[in-house]
Every structure is written in C-alpha cells, then in structure tokens.
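# Architecture at a glance
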Amino acid sequence: MVDVDDSLRRERTALRDWLAAHGASAEQIAACELAAAERGREPEGLASDLVLARGVTLTARDLADRLGLDVADIVAIYRDLGVVVPDVDAAQFTEDDAMLVTRLLRATSAGDIPSTTGAELLRVVAGAMDRIAEAAVAIYVQGPEEDLRRRGASLVEHAENTAHATELVLHLGAGLAPVFRHHMRQAIARQRVTQTGVTRRELARLTIGFLDLVGSTTLQSQLDPAELAAQVTRFETRAFDVTSAGGGRLVKFIGDEIMVAALDPIAGCRIVLDLVEAFTDDGTQPRGGLVFGEVLFRHGDYYGPVVNLAARLVDAAIPGEILVDSSVVEASKDDGLCFDPAGRRLLKGFDDPVAVWSLTRVCPD
C-alpha cells in the first residue's frame, strides 16, 4: 500500500531540487513553501517567478541614477504603465526597462510626444497589456493547469509546464511587433476614411451598432462555471469572427452587449444582421440598434450623441429586431436592404421623438 504522505514528501523534495536547479535560492523556496501552505496550495508557482526574474538586476533607484532622474519620476512613469513599484530599492527592472525609459524620455524631450499626451498613451497601453496578462493567466489556469490537476500530475510536471507557459507568453509578447504594425496600418486606414469631411479633428464619421442578447442573464444563471465559460467563449469568438468578416471593428463587450463600428452604414447593417442571425440559434434573442454620423473617437472607443442613440435604439427594439434611424436609411438606399417604418419613439436622453425603421435583409414582395 502506498504511503500518501511519503509520496507527497518525495514529490516536494523533487520539486525543491528542480527549483534549485533552475535558480531558486533556499530562501526563495522556503518563503514560497510558507506562502503556499497558508493558501493550501503547492509552491510550484515559483517556477513562473523564476522565469519572470531572468535579467532583473536593476532597482527603481538604479534606473533613476543612471538616467539622471528623481526616483519618483521612475515610479510615476511605471504608474502610468500600470506597474506598481512597492520598493524602490528592490530589484524589479531589466536593461530593457532602462532602454524603454530612455526612449520615452528622448521622445518627450524632443517634442515628438507632448508629456501629457505621452502619459495618456501609456495609460491606454497599460490597460491593453493588463487585459492581455489577465487573459493569459486565466487561460492557463483554467486550461492546461486544470488538466494537470485532473490527471494527478507531479509537482515537478506542474513546475515545468508553468515555466514553459510563462516563457511562451513572454516570447509571444516580445514578438508581437509585426502584428502591431498590421493593426497600426488598419487604424491609419480607418482614420483616413472616417475623418474625411469631419467638422473637427477629434471626430470620426462612421456607423455605430449595438447588439444585445435578450435572455442571456437567465440562460447564464442556469449554467455551472464550466458551461458559463464555454458559453462566454462562444459568444466572444462568434462576435469577433462575424464582425471581422464584415470588415468592421469590435469595439468592446458590455456584459452581454456588443458594440461594433463600421466605415459605412451598408457594412454596419450587414454586420448587425449577421450578428443577429449568428446568435439566434444560441438560446438567446438578439436585438440591435444602428446609427451613422460623427462621433468623438478617443483611446480606441467612441462617444457622443450618435453612440447614445444607437444604444437607446437597441433598448427599444424587440427580440429579433434591428432598429435604425434616418441617418442609416438615407445612406443605404438602393442596396437591397429593407427598412420598414417603425414609427417615432421617445427615447431616454432625447427631447424629441425619433423616427425609426426596422432593418431586414430582404424586402417582402
């Protein structure tokens, strides 16, 4: 008969040996074991810490001294990037950090990027990277790591897989420059189209659409966590695929609502029609709203009366219906789309009733 305690002791010894062989000090291992014991978990997570610590030799004070800055300036720069510096005298940075800060300072001092604008951009980058990092951790914990636990993998296997996954994500992050170049090309191309003839440079002329999944809250309340995760994955994947295939941009998810943008009303109509069809078979009752006009574009999102009206139209639509206003109807004539008059609606936030039409793909004979 196998002694469970003896087997676990052997596993923990093997894990300590593995961690030590990969650069962990006795103090690090002991501290990690203590923290893991308090959480009721094993300390194999130290493997990812070892990967993330590679090349870390500089403190915030080191960076400040090297670049001729006050240490508070370094803390502020990384705060704008969403990175906490809990101890300015603890090693947290690499030579790549020194190069990054140098380039940022060079760009601002040369006037290429005003300091206030630069801080704005850093915060946008911080938000995007924070979401990517959170997603990467969640995907691993809920996927490969859970599979390892289910099949009773050893602690060393856990450590090896954790280290490998962390290295993979870091390599992908470092290699994303080509993909970012493509996204920059697309963003510039969109800007050139959407800012043609606008009244101010802060504005863009495009079509804003919303899709709301009626009944999704009830549906999700009946699912266990694994089923809910699968449902959310299907929802997000399908929304992204349909919007991208139509040449639009998926701006964001707002709970069980999707906000999309398209360069023109015809493309916007087709995308929202496709989204309604795509989600009708998913146990929910989708409805949509669509408006075309000038919007404030900022940090990858859109604001203003056009956006507010599109959001109110989706609220006013019945399940399966897509409501649009005159801006969409007038810009989409003679394209095979059908717009049935649906009266005038009093919408929250709008003083006067709004004339609306119900969009369908094919007009009745």
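Rules behind the numbers
Residues numbered from 1 in each chain as written. Predicted model: local features only at pLDDT ≥ 70, side-chain atom pairs only at ≥ 80, totals over all residues. Heavy atoms only, no water. Helix = DSSP H or I, 4+ residues; strand = E, 2+ residues; numbered from the N terminus. Rg over C-alpha atoms; globule rule 2.2 N^0.38 Å. Buried < 20%, exposed > 50% of the residue type's maximum accessible area, 1.4 Å probe, protein only. Patch = residues over 30% accessible without salt bridge, like charges linked within 9 Å, V, L, I, M, F, W, Y side chains within 5 Å. Areas by Shrake-Rupley, 256 points an atom, 1.4 Å probe, with all protein chains shown as cover. Salt bridge = Lys/Arg side-chain N within 4 Å of Asp/Glu carboxyl O. Axes fitted to C-alpha atoms, helices over the stretch in contact; angles between N-to-C directions. Parallel < 35°, antiparallel > 145°, perpendicular 65-115°, else oblique. Left-handed = near helix turned anticlockwise from the far one by under 90°. Contact = heavy atoms within 4.5 Å. Nonpolar A, V, L, I, M, F, W, Y, C, P; charged D, E, K, R; others polar. Core = buried A, V, L, I, M, F, W, Y, C linked by side-chain atoms within 4.5 Å. Expected span 1.5 Å × (residues − 1). Polar contact = N/O pair within 3.5 Å; in protein donor to acceptor, adjacent residues only side chain to side chain. Phe/Tyr/Trp six-rings, centres within 6.5 Å; stacked < 30°, edge-to-face > 60°.

### Here's the deal with the overall build of the protein
- Scanning the protein from N- to C-terminus turns up 15 helices and eight strands.
- Relative to the globule expectation of 21 Å for 365 residues, the C-alpha radius of gyration of the protein, 26 Å, shows a markedly less compact shape.
- A principal-axis box enclosing the C-alpha atoms of the protein has dimensions of 80 × 65 × 35 Å.
- The proportion of buried residues among the 365 residues of the protein is 35%.

### Some words on a nonpolar patch on the surface
- A cluster of nonpolar side chains, contributed by Phe-180, Met-184 and Ile-188, occupies part of the molecular surface with about 280 Å² of accessible area.
- Looking at the element boundaries, Ile-188 is found in helix 10 (residues 177-194).

### Some points on the packing of helix 4 (residues 60-67) against helix 6 (residues 95-109)
- Between helix 4 and helix 6, the shortest axis-to-axis distance is 11 Å and the interhelical angle comes to 45°. In terms of their interaxial angle, helix 4 and helix 6 are classed as oblique. Crossing hand, helix 4 versus helix 6: right-handed. Residues Leu-63, Arg-66 and Leu-67 of helix 4 pack against Glu-95, Asp-97, Ala-98, Val-101, Thr-102 and Leu-105 of helix 6.
- Across the contact of helix 4 with helix 6, the residue classes tally to five nonpolar, one polar and three charged.

### Re the nonpolar core
- Residues Ile-258, Phe-279, Val-324, Phe-339 and Leu-359 are the most contacted members of the largest nonpolar core, which totals 27 residues.
- Elements supplying a minimum of two residues to this core: strand 1 (203-214), helix 12 (225-245), strand 3 (257-262), helix 13 (265-280), strand 6 (322-324), helix 15 (326-331) and strand 8 (354-360).
- Core analysis: the next-biggest nonpolar cluster, separate from the first, contains 23 residues, Ile-208, Met-259, Leu-323 and Val-354 among them.

### Describing the environment of Gly-343
- Looking at the secondary structure, you find Gly-343 in strand 7 (residues 338-345).
- In contact with Gly-343, not counting residues within four places along its chain, are Val-354, Ala-355 and Val-356.

### Details of helix 13
- Counted at 1.5 Å a residue, the expected span for helix 13 with its 16 residues is 22 Å, and the 22 Å between its end C-alpha atoms agrees.
- Of the positions making up helix 13, those classed as buried are Pro-265, Ala-267, Gly-268, Cys-269, Ile-271, Val-272, Leu-273, Leu-275, Val-276, Ala-278 and Phe-279.
- Sitting at the head of helix 13, Asp-264 places a side-chain oxygen 3.0 Å from the backbone nitrogen of Ile-266.

### Points about the packing of aromatic side chains
- Going through the model one piece at a time under the given rule, you end up with three aromatic pairs.
- Counting every residue linked through ring pairs, the aromatic cluster contains Phe-235, Phe-253 and Phe-279.

### Considering the environment of Thr-102
- The residue Thr-102 is located in helix 6 in this model.
- The exposure class assigned to Thr-102 is partly exposed, which follows from its relative accessible area of 25%.
- A sequence separation of 80 residues divides Thr-102 from His-182, and the C-alpha atoms of the two residues are 26 Å apart.

### A word on helix 14 (residues 305-316)
- The end-to-end C-alpha separation of helix 14 is 16 Å, in line with the 16 Å expected for twelve residues at 1.5 Å each.
- Within the span of helix 14, buried status applies to Val-306, Val-307, Leu-309, Ala-310, Ala-311, Leu-313 and Val-314.
- On the buried face of helix 14, the contacting elements are strand 1, strand 3, strand 4 (285-298), strand 5 (301-303), strand 6 and strand 8.

### Digging into the packing of helix 12 against helix 13
- Contact geometry of helix 12 with helix 13 gives a least axis separation of 9 Å together with a crossing angle of 150°. One way to sum up the angle between helix 12 and helix 13 is to call them roughly antiparallel. For the pair helix 12 and helix 13, the sense of crossing is right-handed. Side by side, helix 12 and helix 13 meet where Phe-235, Arg-238, Ala-239, Val-242 and Thr-243 of the first sit next to Ile-271, Asp-274, Leu-275, Ala-278 and Phe-279 of the second.
- For the contact of helix 12 with helix 13, a count of residues per class yields seven nonpolar, one polar and two charged.

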